[in-house]
Amino acid sequence: MKLLIIEDEVELLAAISSYLSDLGYSCETAKTFKEAEDKISLYGYDLFILDIMLPDGSGLDLMSSIKQFNQQAGIIIVSAKNSLDDKIDGLDLGADDYITKPFQLSELNSRIKAVLRRRNFNGNDEITFNEIKIDTNSYEVFVNGTALNLTKKEYDLLLFFVINKNRVLTKEAIAEHLWSNVNLCENFDFIYTHLNNLRKKIRKVGGENYIKTLYGMGYKFSE
Amino acid sequence: MKFLKRINRQYFWALVILLGLISALGYFVLSFILDRKMSEDIREKEYAIIKEIKLRNNLPNIYPNVETIQISENKLKPKVYKEVKLYDEVDNETEDYLEYASTVEVNGKYYLIKIRHSLVEKEELIAAISIPLSILLLMLFTISFVMTKKLNMTLWKDVENNLKAIEAYSFAVNDELSLKATGIDEFDKLNKTIEDLTDKLKKDYHILKQFTENASHEIQTPVTISLMNLEVALQQELPENAFKQIVKAIGAINRLSALNDSLILLTKIENNQFLSDTVVLLNKVFEERIEILSTLFDEKNLTVKFEQKGNFVFKINRDLADVFVNNLLSNAVKHNVQDGVVDIEIRKDRLRICNTGTPNKLNNDTIFSRFTKENSKSYGLGLAIVKQICDKHGLEIRYTKTEIHCFDIYWRNKSQ
């Protein structure tokens, strides 16, 4: 899976790039509008992570060349918060998703996976982790072949965990993912309820509890 | 009262008073002249009568104007003027006369001379002069009054149009304020001053706007970098202490970011950078938000009572409406107690949201101020934002505490 990350902030670029490379993506980077324009026309990519505010132009202006050279590619726009106009423009121009700074890498990963699934690059809509099978097309979850009856939030929570498996997730990151753009009073304890319900439901059908609590402050989905 | 109406009214009364004064003055002057003329006339007649007696020993008698009789008393009486009523055979009615009586001595004999002058003549004369004069004055004043009014209206038309243009002007819409030249020096000078002032304010506004946008962007980038690096650091095998420190740092950075967002939001509302361009049904926004925040209600096991007794409609930016309702609801949850209650009541022109909470009444003076917090888990900006939104949309918000804490929101001018 080949990605082009277009971002003028070097450290941000490095952090995103190294994180996504670790996850197995092949990442290329562009720091300026010009550089991005060249790479878009020269090479093929499956997904673009596009910062709108670039020193030598607006990322929105790159959208047309992306559409011209990489018709099948997904686009995730990155922008500063509250620039609602950018969001609307970006989605109108054909972006698949929109993420605002600051965001966490786990969230970005989840968005990338969702865009790729939607664009059907993997060829299948099933995500499997040991005995757990998630059908992202029908929003169904099976544990050892038994269908689980999950709420929307529990389903989102499980999918987020499985996509970010083996990674430490903070309560904030989970809350931000499940209730994005909702001011949730800076109190994230309510996640606990959803988490426990999810654990119970999986355990009831004989599934293992893969959600580990780390020092009461973070979570990790792993063997 | 409108400027023109006031001017016209004053002008009208001044004219009325002036007209009255001129009429009174005219009457007195005319009357004075006529009276003098009359007594002169009488004296001339008296002189002529005395001459007639002296030369021809003839006593002239023309009733009712002249009467001359010889009297037996040898004594001169003082000359007297008095008004009398006499029957006029010609007109078949009694008329007013001015009677002059004097005793004179001619050639050693005494005579009583009475000369009478009709007063009707004087009144008729005054009328004959003052009526056309009054009509003339009245016409003059009416024409002058109407013309001034017309002229004022045309002159002020431009000023009124300019006023409307200023009222409709908004920095956020970003159009030029162009005022129509009136051709009157003072007004044009005022126009120019307003245009210059607006230009300057507009520049300041844009600088400020740009600053908030830049500040927002510039802060978000380092915040994002910090968050990402901490997130990466968190993935290593870490001792409990280090792990907790990193999670706390992430939490603090998230708070910083949220704080930044809230402050920028407040500034944007203060600067009128949100266009109130959508007609929003508040009931609907509440329904949506209650659904979204249901997790929070469940967490504290709160009972939510949502009564819709009318449709509350207002013009606002759509996102701002979400923030408005979100903050009100969050506030009601945040300061609530376990198994508490949230009561929402919406009427056509007012909204009431109540929640159980601390037994103490909150400080009415500071509750809507920034960074007033009940506990460390909030920023103290939520209600400040709500207040600011109220202020900008003609709404009033009031806090009361009976058994529970209540916030009433209603229209400022339609308030009780």
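We now turn to the structure provided with this report. Bear in mind the structure is a predicted one, so any value in this text is a computation, not a measurement.

### Considering the interface of chain A and chain B
Frequently, the measure chosen for interface size is the accessible area that the parts lose on association. Taken together, the contact pairs 37 residues of chain A with 41 residues of chain B. Remark: the boundary between chain A and chain B carries zero salt bridges. Summed over the shared surface of chain A and chain B, the number is four residue pairs in polar contact (both at pLDDT 80 or more). Looking at the side of chain A that touches chain B, the elements with two or more residues in it are α1 (10-22), α5 (105-118), β12 (168-170) and α8 (191-204) of chain A. Grouping the constituent residues of the side of chain A that touches chain B by class yields 18 nonpolar, eleven polar and eight charged.

### Quick word on the sheet that holds strand β13 (residues 211-214) of chain A
All names here are of chain A. In spatial order, the strands read β12-β14-β13; together these three strands make up an open sheet with antiparallel pairing. Each edge of the sheet is formed by a strand with only one pairing partner; in this case those strands are β12 and β13. In this sheet, neighbouring strand axes are inclined to one another by 35° on average, regardless of whether the strands run parallel or antiparallel. Here four bridges tie β13 to strand β14 (residues 218-221), and the two strands are oriented antiparallel to one another. Bridging across to β14, Thr 213 finds its partner in Tyr 219. Its contacts with the sheet put α8 on β13 and β14, and the angle it makes with β13 is roughly 145°.

### Points about a nonpolar patch on the surface
Taken together, the side chains of B:Ile131, B:Ile135, B:Met139, B:Ile143 and B:Met147 present a nonpolar region at the surface, about 520 Å² in accessible area. Among the structural elements, B:Met147 can be located in helix α2 (residues 119-168).

### Quick notes on the pairing of strand β8 (residues 341-346) of chain B
Residues and elements named next belong to chain B. Two elements, strand β6 (residues 303-308) and β8, share six bridges in a ladder whose sense is parallel. Its bridge partner being in β8, Thr 303 is matched across the sheet by Val 341. Bridge count for β8 against strand β9 (residues 350-355) is five bridges, and the pairing is antiparallel. Residue pairing in the sheet places Glu 345 in a bridge with Arg 352 of β9. Where β8 folds back on β9, the antiparallel hairpin that results is connected by three residues.

### Focus on the state of the cysteines
Residue and element names in this part refer to chain B. Applying the stated criterion across every chain yields a total of one disulfide over all chains. In this model Cys 354 forms its disulfide with Cys 406; the gap between the sulfur atoms is 2.0 Å. The disulfide joining Cys 354 to Cys 406 has a torsion of about 110° about its S-S bond and is therefore right-handed. Within this pair, whereas Cys 354 is found in strand β9, its partner Cys 406 is found in strand β11 (residues 405-411), the two being separated by 52 residues in sequence. Across this residue pair, the class does not change: Cys 354 and Cys 406 are buried.

About the cut-offs
Residues numbered from 1 in each chain as written. Chains lettered and ligands numbered in written order. Predicted model: local features only at pLDDT ≥ 70, side-chain atom pairs only at ≥ 80, totals over all residues. Heavy atoms only, no water. Contact = heavy atoms within 4.5 Å. Salt bridge = Lys/Arg side-chain N within 4 Å of Asp/Glu carboxyl O. Polar contact = N/O pair within 3.5 Å; in protein donor to acceptor, adjacent residues only side chain to side chain. Helix = DSSP H or I, 4+ residues; strand = E, 2+ residues; numbered from the N terminus. Nonpolar A, V, L, I, M, F, W, Y, C, P; charged D, E, K, R; others polar. Pairing = 2+ DSSP bridges. Axes fitted to C-alpha atoms, helices over the stretch in contact; angles between N-to-C directions. Patch = residues over 30% accessible without salt bridge, like charges linked within 9 Å, V, L, I, M, F, W, Y side chains within 5 Å. Areas by Shrake-Rupley, 256 points an atom, 1.4 Å probe, with all protein chains shown as cover. Disulfide = S-S within 2.5 Å. Buried < 20%, exposed > 50% of the residue type's maximum accessible area, 1.4 Å probe, protein only.

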